[in-house]
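Each chain is listed here by its residues.
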Amino acid sequence: MTLDPHTFLAIAAMAVATVLTRLGGLVLIRFVSIGPKQKRALEAIPPAVLMAVIAPTALVTGPAETLAALATALVATRLPLLAAVAAGVIVVAVARVFVG
């Protein structure tokens, strides 16, 4: 297996950008006061990102994946993100056995 230097640099640059973005947010948040509306908006971001990631899969694959996406969306409205992901995994596994 060989390592392409351009691929390695691209991955390294993406990692650095991710770390700097997260650290920048932690530093900048110290200078901003967050009201109740802003807090609710920030709390809505993780489920929204999760749905943006899984929506294409739900729309172009089979019924098991569509059911799992629906279950994930419903659970994400009530429970933490980890529970929503777990529900989606369980539903897709069970649906693949019974639905196909």
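Predicted, not measured: the structure shown is a model, and the values here were computed from it. (Residues numbered from 1 in each chain as written. Predicted model: local features only at pLDDT ≥ 70, side-chain atom pairs only at ≥ 80, totals over all residues. Heavy atoms only, no water.)

Undergrad: I'd love a proper account of the packing of helix 3 (residues 63-76) against helix 4 (residues 81-98), names of residues and values included.
TA: Where helix 3 meets helix 4, the axes come as close as 8 Å, and the angle between the chain directions of the two elements is 155 degrees. Taken together, the axes of helix 3 and helix 4 lie roughly antiparallel to each other. Seen from above, helix 3 lies across helix 4 with right-handed handedness. On the side of helix 3, the interface is formed by Ala64, Glu65, Leu67, Ala68, Ala71, Thr72, Val75 and Ala76, while helix 4 contributes Ala83, Ala84, Ala87, Gly88, Val91, Val92, Ala95 and Arg96. Of the residues assigned to the contact of helix 3 with helix 4, the class counts are twelve nonpolar, two polar and two charged. (Axes fitted to C-alpha atoms, helices over the stretch in contact; angles between N-to-C directions. Helix = DSSP H or I, 4+ residues; strand = E, 2+ residues; numbered from the N terminus. Parallel < 35°, antiparallel > 145°, perpendicular 65-115°, else oblique. Left-handed = near helix turned anticlockwise from the far one by under 90°. Contact = heavy atoms within 4.5 Å. Nonpolar A, V, L, I, M, F, W, Y, C, P; charged D, E, K, R; others polar.)

Undergrad: Mind laying out the pattern of salt bridges, listing which residues take part and the relevant values?
TA: Per the counting criterion, the structure on display carries one salt bridge. Its salt-bridge partner being Arg96, residue Glu65 comes within 2.6 Å of it at the nearest N-O pair. With a gap of 31 residues between them, Glu65 in helix 3 and Arg96 in helix 4 connect regions that are remote in the sequence. (Salt bridge = Lys/Arg side-chain N within 4 Å of Asp/Glu carboxyl O.)

Undergrad: Outline the packing of helix 2 (residues 36-60) against helix 4, listing residues and values.
TA: Put simply, helix 2 and helix 4 touch, their axes get as near as 10 Å, and they point 25 degrees apart. One way to sum up the angle between helix 2 and helix 4 is to call them roughly parallel. In terms of crossing hand, the pair formed by helix 2 and helix 4 is right-handed. Counting all contacts with helix 2, which are made through Pro46, Pro47 and Leu50, the residues of helix 4 involved are Leu81, Ala84 and Val85. Here the contact of helix 2 with helix 4 is composed, by residue class, of six nonpolar, no polar and no charged.

Undergrad: A description of the side chain of Thr72 should follow, citing residues and the corresponding values.
TA: On the secondary structure map, Thr72 appears in helix 3. Engagement of the side chain of Thr72 in a polar contact is seen with the backbone oxygen of Ala68, the distance being 2.7 Å. Excluding residues that lie within four positions of it along the chain, Thr72 makes contacts with Leu50, Ile54, Ala84 and Gly88. (Polar contact = N/O pair within 3.5 Å; in protein donor to acceptor, adjacent residues only side chain to side chain.)

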